[in-house]
Amino acid sequence: MAQTASKTCEICISATGSQYCLECEQYFCENCKTFHNRQKISKTHQFQSSTGVIPEGKSKCKDHNEDFSFVCKTCNVVVCSSCVTGSHTGHAFSKLMDSITQLKEKNTTYLSRKVQESTQNMKQIEEGIKEFDVKVEEVVKAITNEGAKLKAMVDKCVAEMISSVNDQFRREKDKLTKIMADIRMDLKAGSDLDKQIYELDKVRNDGNLLKSLQKLTDDIAELMIKPIPEFPNIKYTAKSATDNDVKQLFGNYIIREMRTQQTMNRERELPSPKSDYKQEVNTTERGRYVYECNTCGKERGD
């Protein structure tokens, strides 16, 4: 058995033991390793760098005090050569080193497959995240565009309503302005008649004054003072709109939640609901719920 503290070739006992034979548990120099690999009995032995190697002694068979050299495939235990012809006679065997080599290859292949599968899963998740990011951006853009469109429609409606109010206001104001002009003319006519009264007070009382006063009476009678019309009025009655009323103007968006294999297996184990629609909400829209049909996959709003 190899000495654990030795780093000298255990064959020639002169050169540095830079290589370690896993089967023989011995240090070899490069030359002895080459010779060892040329021998028929040891050409399949595996080597590794001796740096950091702390070899352990081979386990011994408790019954025969021999090294384990075989694996009893029937009993799935390691055995020595005496066990092969003794208590394990007639069993199926394989060489211990062959089994170890096969297990190493199997573990390497199996682990490689697992790593490859995990790498592929990681790649798919990364691609899925990128695709999901793009779709979210598209939905956000669509919502923003729809909001801008609705805002433009609201702005247009507001502008049209204000324009209509101003047009009607100008028409009614023009009517009031004309009435005020007529009243000013009546006031002027009244002022002129008042001046005539003042001037006639200075005239001598005779027949001409009487005629003038009679005419003044007729002129005063013809002066008609129009009554004040009913003033125009304006009032705005606002509609009571809620946040939900505004949401109704927008379309719907649906985010399907991620479902793991465990979730899908659990769903398959649950009994199907009596209704054609799922009783639990699997897809939701902010502010509203959307149910998904188990049969056809179509959504139905709440």
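Above this text sits the structure in question.
A brief structural summary.

Cut-offs and rules
Residues numbered from 1 in each chain as written. Predicted model: local features only at pLDDT ≥ 70, side-chain atom pairs only at ≥ 80, totals over all residues. Heavy atoms only, no water. Helix = DSSP H or I, 4+ residues; strand = E, 2+ residues; numbered from the N terminus. Polar contact = N/O pair within 3.5 Å; in protein donor to acceptor, adjacent residues only side chain to side chain. Contact = heavy atoms within 4.5 Å. Patch = residues over 30% accessible without salt bridge, like charges linked within 9 Å, V, L, I, M, F, W, Y side chains within 5 Å. Areas by Shrake-Rupley, 256 points an atom, 1.4 Å probe, with all protein chains shown as cover. Salt bridge = Lys/Arg side-chain N within 4 Å of Asp/Glu carboxyl O. Buried < 20%, exposed > 50% of the residue type's maximum accessible area, 1.4 Å probe, protein only. Core = buried A, V, L, I, M, F, W, Y, C linked by side-chain atoms within 4.5 Å. Pairing = 2+ DSSP bridges. Axes fitted to C-alpha atoms, helices over the stretch in contact; angles between N-to-C directions.

Next up on the list: the side chain of His45. Locating His45 in the fold gives a position in the loop between α1 (30-38) and β3 (47-49). For His45, the side chain forms a polar contact with the side chain of His36, separated by 3.2 Å. What His45 contacts, discounting residues up to four positions off in sequence, is Cys21, Glu23, Cys24, His36 and Asn37.

A word on a nonpolar patch on the surface. Taken together, the side chains of Phe132, Val136, Val140 and Ile255 present a nonpolar region at the surface, about 340 Å² in accessible area. Ranked by residue count, the leading element in the nonpolar patch is helix α3 (residues 96-200), at three residues. Checked against the element boundaries, Val140 lands in helix α3.

Once that is clear, we can look at unusual backbone geometry. Phi at Ile13 is positive, roughly 55 degrees, even though this residue is not glycine. Mapping Ile13 onto the fold places it in the segment before β1 (19-21). For Ile13, a relative accessible area of 65% translates into the label exposed. Backbone geometry places Asn76, a non-glycine residue, at a positive phi of 60 degrees. You can see Asn76 is positioned in the loop between β4 (70-72) and β5 (77-79).

Our focus in this paragraph is the nonpolar core. In terms of nonpolar packing, the biggest core is built from six residues, these being Cys9, Cys21, Phe28, Cys29, Cys32 and Phe47. One finds Cys61, Cys72, Val79 and Cys80 within the second-largest nonpolar core, a separate group that totals five residues.

Moving on, we get to the sheet that holds β4. Read from one edge of the open sheet, three strands run β5-β4-β6, paired in antiparallel fashion. For this open sheet the edge positions go to β5 and β6 (93-95), each flanked by a neighbour on one side alone. Pairs of neighbouring strands in the sheet enclose a mean axial angle of 35 degrees, with direction left out of account. Relative to β5, β4 runs antiparallel, the two being bridged by three bridges. Of the residues in β5, the one forming a bridge with Val71 is Val78.

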